[in-house]
Amino acid sequence: MSVMNGDGAPHRAEEQNGGGDPEHSDEGNEQEVIVIQDTGFTVKIQAPGTEPFDLQVSPQEMVQEIHQVLMDREDTCHRTCFSLQLEGNVLDNFAELKSIEGLQEGSLLKVVEEPYTVREARIHVRHIRDLLKSLDPSDSYNGVDCNSLSFLSVFTEGDLGENGKRKKKGSELEQIDCTPPEHILPGSKDRPLVPLQPQNKDWKPLQCLKILTMSGWNPPPGNRKMHGDLMYLYMVTVEERHVSITASTRGFYLNQSTTYTFNPKPANPSFLSHSLVELLSQISPAFKKNFSTIQKKRVQRHPFERIATPFQVYSWTAPQVDHAMDCVRAEDAYTSRLGYEEHIPGQTRDWNEELQTTRELPRKNLPERLLRERAIFKVHSDFAAAATRGSMAVIDGNVMAINPGEETRMQMFIWNNIFFSLGFDVRDHYLELGGDSAAHAAPTNDLNGVRAYGAVDVDGLYTLGTVVVDYRGYRITAQSIIPGILEREQEQSVIYGSIDFGKTVVSHPKYLELLEKTSRPLKVQRHPVLDDKSEAVELCSSVECKGIIGNDGRHYILDLLRTFPPDLNFLPVEGEELPEESRRQGFPRQHRHRLACLRQELIEAFVEHRYLLFMKMAALQLMQQKANKESKATAALTENGGPQAATLENKGEGGDATATTNGSAPPSPMATENGACESPESSEGKAGEENIPGLAQAKELAETVAAEDGTADLKSREVVQNACKAVGSISNTSFDIRFNPDIFSPGVRFPEGSSEDIQKQKQLLKDAAAFLVSCQIPSLVKDCLDHNALPMDGATLTEALHQRGINVRYLGTVLDFISKTPARTQLDHIYRIGIYELITRSAKHFFKTYLQGVELSGLSAAVSHFLNCFLSSFTDAVAHLPADELVSKRKNRRRRNRVPGGGGGDNTAWASLTPTELWRSIVSEASSYYHFTLHCETVDQAVEKYGLQKTTLLREISIKAGIQILIKDYNFDSRHKPAFTEEDILNIFPVVKHVNPKASDAFHFFQSGQAKVQQGFLKEGCELINEALNLFNNVYGAMHVELCACLRLLARLNYIMGDYSEALSNQQKAVLMSERVLGIEHPNTIQEYMHLALYCFANGQLSTALKLLYRARYLMLQVCGEDHPEMALLDSNIGLVLHGVMEFDLSLRFLENALAINSKYHGARSLKVALSHHLVARVYESKAEFRSALQHEKEGYTIYKNQVGEAHEKTRESSEYLKYLTQQAVALQRTMNEIYKNGSSASIMPLKFTAPTMASVLEQLNIINGIIFIPLSQKDLENLKAEVQRRQQLQEAMKSEEQQEEESPLELEHKLTAEQERQSAPTGAEVLEQQASA
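I will try to describe carefully the structure that is included in this document. (Residues numbered from 1 in each chain as written. Predicted model: local features only at pLDDT ≥ 70, side-chain atom pairs only at ≥ 80, totals over all residues. Heavy atoms only, no water.)

Regarding the overall build of the chain
Right, so step 1: Helices and strands together make up the secondary structure of the chain, namely 49 helices and 23 strands.
Right, so step 2: Summarising the internal contacts of the chain: among those between residues at least 6 apart in sequence, 70% fall at separations of at least 24.
Right, so step 3: For the chain, the exposed surface amounts to about 57,800 Å²; the carbon and sulfur share of it is 53%. (Helix = DSSP H or I, 4+ residues; strand = E, 2+ residues; numbered from the N terminus. Contact = heavy atoms within 4.5 Å. Areas by Shrake-Rupley, 256 points an atom, 1.4 Å probe, with all protein chains shown as cover.)

Here you go:
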């Protein structure tokens, strides 16, 4: 921890205080961080039958954690029932090490075998079974116990990290086989599925035992119980020996029972052993040998390949796995075990109590907050797992309803202390809001509300644990149960809010006080509504939000589906007209339900935008006053749109600027405020602010007026008031925008007195809706054009929309906007991904109702039939149900007639679906839900018209609908037989939505680290990010998406600071984690693979680098096809590496493809294209084809000359290279002439073929991947830092005088244009690349 001493600490102090939120700024923080990490010590551990070994521990750990380590170590993994003793005293499992007396550096801990109990014996058997299965991937395929797949080790073959020095392949280039498989080459149309999951040779199962199960003689009879028998096991060894084993308090031994006779007496010899492994090793040589092989392999695997993920990840493809006997799995299936229930006294968990208690933990200092966040996160992930398991049990019919008399749709369930309800409109609750559609949308809205209130985290206000699960066409909401709610009627319990959508409303002072605290962060306005007696009632949330005090005395809020205000674009209201920008795009549109809300991200963006506007107006009026004071002459000038007004007009605020020039008449909130934001103002945020004159004064003024201590004079008050009024702030003295979520709710009435306020609120909502259409959608498209947003598949596109607050129901609008954009071809990839998303989402909507009509026995046939109709070119999929399927249908029908009301009518309706009908439904769904017209009637027309590929459609629909299919190469295009049979459908998985609790402190560290790195302080940045990594680890455990981002950035920093092997090791972790947590073909995983390949190359592991790049290319082809800007980067990487290993022809195929894609997406004149030309020219030079080389380099030269001018170093380099090429070409020509003249006797100079040096290849690789090394000495670095700081001070000083402002970035511009090419960098944290922001 050298981080802390000396110069590291002061930075930390500022960092902490600059963390944005005041409660984090206590000085002690850095100290705490230090304490947490630094004082580890070593203890010796002595286990029976092994040599003592050293173990590094930290004082924070519990004794339990040493147990875990021992159960994982190769030589002690077979022990589960033991205690640790220090000088004869047994250590308490749940004690922290620092609290144990006498435990210090070098203490000896003895492992002492303890007597078994039934529970311990079961745990032992379960653990042994886990060890036997430790290399078996079937749990990952089945999506069980938070296992998931990872294939990195197949490609690296273990030559990464510390032992990377073993196979230095740099020198012997000849041995590398570089030819990629046919389907990876540019232009290949073949998209095989099988390589998605390459065969891992470690997974070939080594058999240790044929069978291990519970014996039929369980449980032991009373007299044997009194001899210490706990349970009986039955085994068949690999050598075909059948044995019966007794688990007793003293251990395991052979007894004399057989399958049909019970004789519990010990056999002779009985081989009594404390561990099952020791017993089996004595009776079966094969077991002994294979068990130790498996453990060796298990321990060699990277820990990240086997740690459980916090939330289950499902794989949409799987091979055919043999179904083997497994006693533990069988037992689990029929007991209501959940997670590790039997480790917790009292069996089922009280989820609500756990969720709320963890929230109540103290959070005054860092260690407390870490403990609290860790507890919250752990309970949440356990709850999500339990809720998912329960939801599946409910839909599969394994749970009894609490109201079994009602019809199926209306049933509710309780299982394991979780309450389950189905997403249907029962008792016409949502009748006015859109019936079942509303009931389907409400749970996700509610979940967003829970997420929002959870993030605000107000003491004393509680929400329910909520998980929304889509499974087999049903939507289930799982919630924790408020204590006492089931004993009373809802009417009695609700003391705040309304249970009938606003007809009767009640309020409660305590709730108002609690909700008031959430009002500012969530932008919810406190407002009165009328109850059934027409009396005004104060609320600080929507009317549906109910407050219930549980029997535990806690204040709960539930039904948060209207936390955010309604989206007027999708809510036509009679007599209300939307702003012009919305109307122009055809809004308002009819939606399925009336619950369409704006997203929280949109509210934030809108308020931010309004704040900017507010500041500008205030600044403008101040300038006005100043100008008026100074002289009438200037005033006259300004009146006619003089210099000051002009500056603002250029800011793109349209007519507003001139309207306010007379200072006194602020414009009413006009539509132009939204419409005029075509400038990228909002996205740049603060960057735009700097150049407005008078802004600093405006800020100061706003603060003094808000303080209301009479210091501000009348005039300045008026300025702020005008600005407030103009932007629709709810307060007159300070900027404060909040929304009333009840506006436009049917059934809600407002008091007479508040009508003006209501008008204001209505206007705000209209403005927000217009802002989404006129600002956010264009800014998304602009980001896609600038390649700041690079979605690759449906999920990443949805994420990009959501980040900007655009709901997916706007997808059609976004696509229409793209098709009208002038640079339409540069958005091809986005448009195509949008079409994929539109088609698969529409298909999913149809699939949902389709599945609800299928009974269990017909599921696989129904799903395969649906996929055939969706993807197969075979037109009459109906008639070809496999013959036996029809037979079994007939049987089913006969049986069903005997069961009264069995399954409700004829459940084979699904079999009559035809491809034409399905595609007709998809097209009509796209038009009615997304308001987008698809021009296709069959899958083949869609593929043809929109350039889609069927594997991508298959992947998208499988992920969205939770289908798992057999991994094999499907023939979609056969006109003679359908692509899928029912054998190809392996499973249906749940699709789960839940809250992701955040690690706030870790996140602050991570952000400060990123900021430091962007300012060029790499070392400090590195330390902060390492710190963040530790804290994330503390909260999330070892596996989490956010750790992934941390590791990636760390690896990049290591690489830039020249520590290649450290970069490799961190990036390897990032790849493994991304595969495990996000999925093996998630776009992030693809990017991680690319980074890893670069670091491998830098470490001289060329063949590994190539394999990784080929893998990335294969995955990318599967996910989005070849036509994508990111593919250009990937192909440039592959081409460069191939050039480095002298595979010139192959290299050209990739580089020329990259050139074509770059030209398409960046425009033929971009610097990226120039670089591409240069790379191609280098390969031609190596092949001695100088004419082609010259041609490409000339293209590049022209671009440089036009873009950055003659004097720029890039242009000069290019012209040098052109001269060199010309000389080479001339020399070659001379030689040729010589040959022609003198025939074979000519004296030929031998031609030099130039293989590029690895260093030069690496240099080019760094350039295209957006990494710049600045070769600076320490002194230069100091000077640079000083310069940066000087610049920043200057900027502070010169905020008002914009003339100089304009210049300083310009000089930098010139220095930094070179980086324009390197803009392919993935995140904002890319080092030193902020053009000119220094």
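Read on for the rest.
So, the sheet that holds strand β2 (residues 53-57)
Right, so step 1: Strand order in the open sheet made by the five strands is β2-β1-β5-β3-β4, with mixed pairing throughout. Edge positions in the open sheet fall to β2 and β4 (89-90), since each of these has one partner strand only.
Right, so step 2: Note: strand β3 (residues 82-86) against strand β5 (residues 108-113), five bridges, orientation antiparallel. Note on β5: the bridge partner recorded for Leu 84 is Val 111.
Right, so step 3: Lying over the sheet, helix α3 (residues 63-72) contacts β1 (41-46), β2, β3 and β5, oriented at roughly 120° with respect to β3. (Pairing = 2+ DSSP bridges. Axes fitted to C-alpha atoms, helices over the stretch in contact; angles between N-to-C directions.)

So, the pairing of β2
Right, so step 1: Residues Phe 53, Leu 55 and Val 57 line the buried face of β2, whereas the alternating positions Asp 54 and Gln 56 sit on a face that is not buried.
Right, so step 2: Here five bridges tie β1 to β2, and the two strands are oriented antiparallel to one another. Opposite Lys 44, over in β2, you have Asp 54 as the bridge partner. (Buried < 20%, exposed > 50% of the residue type's maximum accessible area, 1.4 Å probe, protein only.)

Observations regarding helix α33 (residues 915-929)
Note that an α-helix has 3.6 residues per turn; residues three or four places apart therefore point the same way.
Right, so step 1: Its 15 residues place the ends of α33 21 Å apart at the C-alpha level, agreeing with the 21 Å of an ideal helix rising 1.5 Å per residue.
Right, so step 2: What α33 keeps buried is the set Pro 915, Leu 918, Trp 919, Ser 921, Ile 922, Val 923, Glu 925, Ala 926 and Tyr 929.
Right, so step 3: In this structure, the buried side of α33 is in contact with α30 (828-852), α31 (859-871) and α34 (939-946).
Right, so step 4: Remark: His 931 follows α33 within two positions and exhibits a positive phi of approximately 55°. (Expected span 1.5 Å × (residues − 1).)

Notes on a nonpolar patch on the surface
Right, so step 1: A cluster of nonpolar side chains, contributed by Met 1232, Ile 1235 and Tyr 1236, occupies part of the molecular surface with about 310 Å² of accessible area.
Right, so step 2: For Tyr 1236, the position within the fold is in helix α46 (residues 1209-1238).
Right, so step 3: On the accessibility criterion, Tyr 1236 (66% relative accessible area) is exposed. (Patch = residues over 30% accessible without salt bridge, like charges linked within 9 Å, V, L, I, M, F, W, Y side chains within 5 Å. Salt bridge = Lys/Arg side-chain N within 4 Å of Asp/Glu carboxyl O.)

Topic: the packing of aromatic side chains
Right, so step 1: One pass over the full model with this rule turns up 37 aromatic pairs.
Right, so step 2: For the ring pair Phe 155 and Tyr 1089, a centre distance of 6.3 Å and an interplane angle of 85° mean the geometry is edge-to-face. In this pair, Phe 155 sits in helix α6 (residues 152-156) while Tyr 1089 sits in helix α40 (residues 1083-1098), placing the two residues 934 residues apart along the sequence. You'll find Phe 155 and Tyr 1089 in the same group, each marked buried.
Right, so step 3: Relative to Tyr 1060, the ring of Tyr 1055 has its centre 5.0 Å away and its plane inclined at 25°; by these criteria the two rings are stacked.
Right, so step 4: Of the residues examined, Tyr 1055 reaches a relative accessible area of 0% and is grouped as buried.
Right, so step 5: When its relative accessible area of 24% is taken as the criterion, Tyr 1060 is described as partly exposed.
Right, so step 6: These aromatic residues form a ring-pair network of at least three members: Phe 846, Phe 847, Tyr 850, Phe 866, Phe 870 and Trp 919.
Right, so step 7: Between the NZ or CZ atom of Arg 554 and the centre of the ring of Tyr 462, over which it lies, the distance is 5.4 Å.
Right, so step 8: Across the ring face of Tyr 831, the terminal group of Arg 824 is positioned such that the distance to the ring centre comes to 4.0 Å. (Phe/Tyr/Trp six-rings, centres within 6.5 Å; stacked < 30°, edge-to-face > 60°. Lys NZ or Arg CZ within 6 Å of the ring centre and 35° of its normal.)

Some thoughts on the side chain of Thr 317
Right, so step 1: Of note, Thr 317 is situated in strand β10 (residues 317-318).
Right, so step 2: Judged by its relative accessible area of 1%, Thr 317 is buried.
Right, so step 3: Every residue in contact with Thr 317, bar those within four places of it in the chain, is listed here: Tyr 141, Leu 193, Leu 196, Gln 197, Gln 964, Ile 965 and Ile 967.

Concerning helix α14 (residues 435-456)
Right, so step 1: With 22 residues, α14 extends 31 Å between its outermost C-alpha atoms, agreeing within 8% with the 32 Å of an ideal straight helix rising 1.5 Å per residue.
Right, so step 2: Two residues or fewer past α14, Asp 457 is found with a positive phi of approximately 60°.

Digging into the environment of Glu 278
Right, so step 1: Along the polypeptide, Glu 278 turns up in helix α8 (residues 276-283).
Right, so step 2: Among the residues examined, Glu 278 registers a relative accessible area of 27% and is labelled partly exposed.
Right, so step 3: For the pair formed by Glu 278 and His 78, sequence separation is 200 residues and the distance between their alpha carbons is 8.2 Å.
Right, so step 4: For Glu 278, the residues in contact, after removing those within four places along its chain, are His 78, Arg 79 and Ser 273.

Examining the packing of α8 against helix α9 (residues 285-300)
Right, so step 1: Between α8 and α9, the least distance of the axes is 5 Å, while the angle of their chain directions is 130°. Taken together, the axis directions place α8 and α9 in an arrangement best described as oblique. Seen from α8, the contacting residues are Val 277, Leu 280, Ser 281 and Ile 283; seen from α9, they are Pro 285, Phe 287, Lys 288 and Phe 291.
Right, so step 2: Here the contact of α8 with α9 is composed, by residue class, of six nonpolar, one polar and one charged. (Parallel < 35°, antiparallel > 145°, perpendicular 65-115°, else oblique. Nonpolar A, V, L, I, M, F, W, Y, C, P; charged D, E, K, R; others polar.)

Some thoughts on the sheet that holds strand β22 (residues 985-988)
Right, so step 1: Across the sheet, three strands lie side by side as β10-β21-β22; this open sheet has mixed pairing. Strands with a single pairing partner mark the edges of an open sheet, and in this sheet they are β10 and β22.
Right, so step 2: In this sheet, strand β21 (residues 963-966) lies alongside β10 in parallel orientation, the contact comprising two bridges. Residue pairing in the sheet places Thr 317 in a bridge with Ile 965 of β21.

Regarding the nonpolar core
Right, so step 1: By size, the foremost hydrophobic cluster in this structure holds 279 residues, and its most contacted members are Ile 839, Phe 866, Leu 867, Phe 870 and Leu 934.
Right, so step 2: When residues no more than four places from it in sequence are discounted, the contact partners of Leu 934 are Ile 835, Leu 838, Ile 839, Ile 922, Val 923, Ala 926 and Tyr 946.
Right, so step 3: Counting residues in hydrophobic clusters, the runner-up holds 29 residues, among them Leu 132, Leu 230, Met 231 and Phe 252. (Core = buried A, V, L, I, M, F, W, Y, C linked by side-chain atoms within 4.5 Å.)

Notes on the packing of α31 against helix α35 (residues 950-961)
Right, so step 1: Direction vectors running N to C along α31 and α35 enclose 140°, while the axes themselves pass 11 Å from each other. Between α31 and α35, the angle is such that the two are oblique. Along this stretch, α31 crosses α35, giving a crossing that reads as right-handed. Note on element contacts: α35 touches α31 through Lys 950, Leu 953, Leu 954 and Ile 957, opposite Phe 866, Leu 867, Phe 870 and Leu 871. (Left-handed = near helix turned anticlockwise from the far one by under 90°.)

Side note on the pairing of strand β7 (residues 229-237)
Right, so step 1: Most of β7 is tucked away, with eight of its nine residues classed as buried.
Right, so step 2: Of the strand pairs in this sheet, strand β6 (residues 209-214) and β7 are connected by five bridges, and their pairing is antiparallel. The residue of β7 that forms the bridge with Thr 213 is Tyr 234.
Right, so step 3: Sheet topology places β7 next to strand β8 (residues 242-248); seven bridges connect them, and they run antiparallel. Residue pairing across strands places Tyr 232 opposite Thr 246, the latter belonging to β8.
Right, so step 4: As consecutive antiparallel partners, β7 and β8 are separated by four residues, and within that stretch Glu 240 has a phi angle of approximately 70°, a positive value.

Brief notes about the pattern of salt bridges
Right, so step 1: Tallied over the full model, the rule gives 69 salt bridges.
Right, so step 2: Of the charged contacts in the structure, one is a salt bridge between Glu 360 and Arg 554, with a shortest N-O distance of 2.7 Å. Of this pair, Glu 360 sits in helix α12 (residues 351-360) while Arg 554 is found in the loop between β19 (546-549) and β20 (555-558), placing the two residues 194 residues apart along the sequence.
Right, so step 3: The salt bridge partner of Arg 599 is Glu 601, with a shortest N-O separation of 3.1 Å.
Right, so step 4: By relative accessible area, which is 29% here, Glu 601 ends up partly exposed.
Right, so step 5: What emerges from the salt-bridge pattern is a single network uniting Asp 793, Glu 837, Arg 841, Arg 955, Glu 956, Lys 960 and Glu 1081.

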